[in-house]
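Inside the fold
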Amino acid sequence: MPKEGITPRSQDYAQWYLDIVRDADLADYAEVVRGCIVFKPTGFALWEAIQSGLDQRIKATGHQNAYFPLLIPKSFLMKEAEHVEGFAPEVAEVTHAGGEKLAEPYVIRPTSETIIGYFYAKWVRSWRDLPLLINQWANVMRWEMRTRPFLRTTEFLWQEGHTVHVDEADAERETLKILHEVYADFVEKEMALPVIKGIKTDKEKFAGALRSYAIEAMMQDGRALQVGTSHNLGQNFAKAFDITYTDQNNQVQHAWTTSWGVSTRLIGALIMAHSDDEGLVVPPRLAPTQVVVVPIFKTDAERTRVLEAVSRLSADWKGSLRFKVDDREQYSPGYKFNEWELKGVPVRVEIGPKDIEKGTVGVARRDQPGKQGKSFVPQDGLRQRLESLLTEIQQALYDRAFRFREEHTYEASNYDELKQGVEKGFVRGYWAGTREDEDKIQDETGATIRVLPLDQPATAGKCVYTGKPAQKIAVFARAY
RNA sequence: CGGGGAGUGGCUCAGCCUGGUAGAGCACCUGGUUCGGGACCAGGGGGUCGGAGGUUCAAAUCCUCUCUCCCCGACCA
């Protein structure tokens, strides 16, 4: 039974997404500021959970956090040719301040390669200073034509890592380490979302990068969402900003830099990958609240007994479960069941007078909404049971998303099969085409090459578009 | 930015065509009865109709401009 106010996915996927965002109370439109949203507490809590999981991994891989200015002298942006071209159309400019026109306008950072490059040039002197491994948590602004809450907003929150290395090999190691050990690891383990790791084609790579890698996930409508990118910037920015070091042979060298980021778009990915027509579904490991307890009572005497039972049963939960007791009296239990389902809390525990008599509690799992996922279990060993249930749900969500992706991934050996496949999901096919061929495919099918997966078959094949001999498989899809 | 749709109490919408003192349901507040899958009754509060200008004796309604949101397309984390 779909919730009131939620458009079923089958009817209108885009509207369903917006309904979830609104009804689960994640965000509000900042209608007075074009394309921006307010992260409401429930939505921001998801971002905090994401931040925490990523920040741990970023630090575990040797990086430190720092913070650079929001405003960037416009001239900085102009220094790297490809970068300017890529970002110029979407930057906002500050032209006036203090009641006067500024001699040189600032741009509001769309990304911080340039301003950070300026400082790195000052900080890096010797090979002993490298690698320089810094991350910043920040907001950025890109004046996009069309916005959607979380997926693409004018202002968004993200982390951007910026590192400096002695040579290409070290920069490349960094770029891939982030992709594997930080991004893919986090998204798959914490968000229960399987990803495809791969390299971007020139058409899709970051403006100013030598090579861009990305992780791509499939949403429930079969479209792809890029959820993280990691770029080997080569010496492009080092040359533009003169980031040099003296090597062991006393030679001055241009350094090699990388940058990598994930954003609040991950919240969008979370919604579109796991949620259902009943509302949001949050994987247990990420969930700000993992277990909600709904006490059930009629009389004051029952209320006292039930709440006592609740505190007795939950006495040993602190530290091992993130939980909340919903003892509001103005709402009926049924109302609360629906509300917590809508908000995506992974597990609900019900305790009423009948349970007290029988020594049981009701336990409902969010990944199986409604009564299907509800059962009554003994009070004994409840904490362990809940812990293992949370683990089970985490795995079930991953498995479900993985299975969905497999079922919506098609092998194509010719263009017709590619065209048909991208209507429904991902298409894998050999690729030996050009940039122009890619443009044409996008024009004709709406799909792009999401990545050339790092994981490649040993055998060669025939290009799905040109028919020429091809070494590599590409994944094609329509993307957000 | 191109094509389409929409802005009216917190939410969903009616009223607009054919100008004449703003409505409904839900939500909210108070009281009572309820409470194991979105309870019920009674009473009550709340909107100068996205904004600006114009036409008119009179504008939610007609005209012009503008802002915002949604959908499709091109651009992007």
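Please refer to the structure placed before this passage.
I will try to describe carefully the structure that is included in this document. What you see is a predicted model; the values in this text were computed from it and never measured. (Residues numbered from 1 in each chain as written. Chains lettered and ligands numbered in written order. Predicted model: local features only at pLDDT ≥ 70, side-chain atom pairs only at ≥ 80, totals over all residues. Heavy atoms only, no water.)

**A word on the overall build of chain A**
The number of helices and strands found in chain A is 14 helices and 25 strands. Here the C-alpha radius of gyration of chain A, 25 Å, is about what a compact globule of 480 residues would show, namely 23 Å. Taken along the three principal axes of its C-alpha coordinates, chain A extends 80 × 60 × 45 Å. Looking at chain A residue by residue over its 480 residues, the buried ones come to 54%. Sequence separation of at least 24 residues holds for 70% of the intrachain contacts in chain A that already meet a minimum separation of 6. Carbon and sulfur atoms provide 49% of the accessible area of chain A, an area that totals close to 21600 Å². Across chain A, the 62 positively charged side chains and the 69 negatively charged ones have centroids separated by 2 Å. (Helix = DSSP H or I, 4+ residues; strand = E, 2+ residues; numbered from the N terminus. Rg over C-alpha atoms; globule rule 2.2 N^0.38 Å. Buried < 20%, exposed > 50% of the residue type's maximum accessible area, 1.4 Å probe, protein only. Contact = heavy atoms within 4.5 Å. Areas by Shrake-Rupley, 256 points an atom, 1.4 Å probe, with all protein chains shown as cover. Lys, Arg positive; Asp, Glu negative; His and termini not counted. Charge placed at Lys NZ, Arg CZ, Asp CG, Glu CD.)

**Brief notes about the protein's contact with RNA strand B**
Close to RNA strand B lie 47 residues, the nearest being Arg 146, Thr 153, Glu 341, Lys 354 and Asp 355. Among the atoms of RNA strand B close to the protein, meaning within 4 Å, 50% are from sugar or phosphate groups. Glu 341 places a side-chain nitrogen or oxygen 2.6 Å from a base nitrogen of RNA strand B. For the surface near RNA strand B, the secondary-structure elements that each account for two or more residues are α1 (13-23), α10 (333-343), β17 (347-351), α11 (353-358) and β19 (374-378). In terms of residue class, the surface near RNA strand B is made up of 16 nonpolar, twelve polar and 19 charged. (Near = heavy atom within 4 Å. Polar contact = N/O pair within 3.5 Å; in protein donor to acceptor, adjacent residues only side chain to side chain. Nonpolar A, V, L, I, M, F, W, Y, C, P; charged D, E, K, R; others polar.)

**Quick word on the packing of helix α2 (residues 41-60) against helix α6 (residues 168-189)**
It is at 9 Å that the axes of α2 and α6 come closest, and there the two elements cross at 145°. Relative to α6, the crossing made by α2 is right-handed. The residues of α6 that touch α2, namely those facing Ile 50, Gly 53, Leu 54, Arg 57 and Ile 58, are Glu 181, Val 182, Tyr 183, Asp 185, Phe 186 and Lys 189. Taken together, the residues of the contact of α2 with α6 sort by class into six nonpolar, one polar and four charged. (Axes fitted to C-alpha atoms, helices over the stretch in contact; angles between N-to-C directions. Left-handed = near helix turned anticlockwise from the far one by under 90°.)

**Some details on the sheet that holds strand β9 (residues 196-199)**
An order of β3-β7-β8-β14-β11-β10-β9-β22-β25-β21-β20 is seen for the eleven strands of this open sheet, with the pairing classed as mixed. Strands at the two margins of the open sheet, each flanked by one partner only, are β3 (64-65) and β20 (409-411). Looking at chain direction, strand β22 (residues 448-453) and strand β25 (residues 472-477) are connected through three bridges and run antiparallel. In the sheet register, Ile 449 faces β25, and the bridge partner there is Phe 476. (Pairing = 2+ DSSP bridges.)

**Here's the deal with the pairing of β17**
Looking along a regular strand, one sees the side chains alternate between the two faces of the sheet. Of all five residues in β17, five are buried, a share of seventy percent or more. Burial along β17 is two-sided: the face carrying Val 347, Val 349 and Ile 351 and the face carrying Arg 348 and Glu 350 are both buried. Note: strand β15 (residues 291-295) against β17, five bridges, orientation parallel. Within the sheet, the bridge partner assigned to Val 291 lies in β17 and is Val 347. Relative to strand β18 (residues 360-365), β17 runs antiparallel, the two sharing four bridges. Directly across from Val 349, in β18, lies its bridge partner Val 363.

**Observations concerning the nonpolar core**
Residues Leu 54, Phe 150, Met 219, Leu 266, Ile 271, Leu 418 and Phe 476 are the most contacted members of the largest nonpolar core, which totals 70 residues. Excluding anything up to four places from it in sequence, Ile 271 contacts Trp 16, Tyr 17, Ile 20, Val 21, Leu 26, Phe 150, Gln 220 and Leu 280. Formed by 26 residues, the second largest nonpolar core is a distinct cluster that contains Val 124, Leu 233, Ala 238 and Tyr 245. (Core = buried A, V, L, I, M, F, W, Y, C linked by side-chain atoms within 4.5 Å.)

**Details of the side chain of His 83**
Along the chain, the position of His 83 falls in helix α4 (residues 81-87). Those residues in contact with His 83 that lie beyond four places of it in its chain are Leu 77, Thr 111, Glu 113, Thr 114, Phe 206, Ala 207, Gly 208 and Phe 237.

**Focus: the pattern of salt bridges**
Evaluation of the coordinates by the stated rule reveals 33 salt bridges. With a closest N to O distance of 2.8 Å, Arg 328 and Asp 326 form a salt bridge. (Salt bridge = Lys/Arg side-chain N within 4 Å of Asp/Glu carboxyl O.)

**Section: the side chain of Thr 163**
Position of Thr 163 among the secondary structure elements: in strand β8 (residues 155-165). Relative accessible area serves as the criterion here: at 0%, Thr 163 is assigned to the buried category. Here His 165 takes part through its side chain, which lies 2.6 Å from a polar atom of the side chain of Thr 163. If we skip the residues at most four places from it in the chain, Thr 163 touches His 63, Tyr 120, Leu 132, Leu 133, Ile 134, Glu 174, Trp 256, Thr 257, Thr 258 and Trp 260.

**A word on the sheet that holds strand β4 (residues 71-73)**
An order of β4-β6-β5 is seen for the three strands of this open sheet, with the pairing classed as antiparallel. Two strands lie at the open edges of the sheet, namely β4 and β5 (93-97), each paired on one side alone. The mean angle between the axes of side-by-side strands here comes to 50°, regardless of whether they run parallel or antiparallel. As defined by bridge partners, β4 adjoins strand β6 (residues 100-108) across three bridges and the pair is classed as antiparallel. Pairing of Leu 71 across the sheet is with Ile 108, part of β6.

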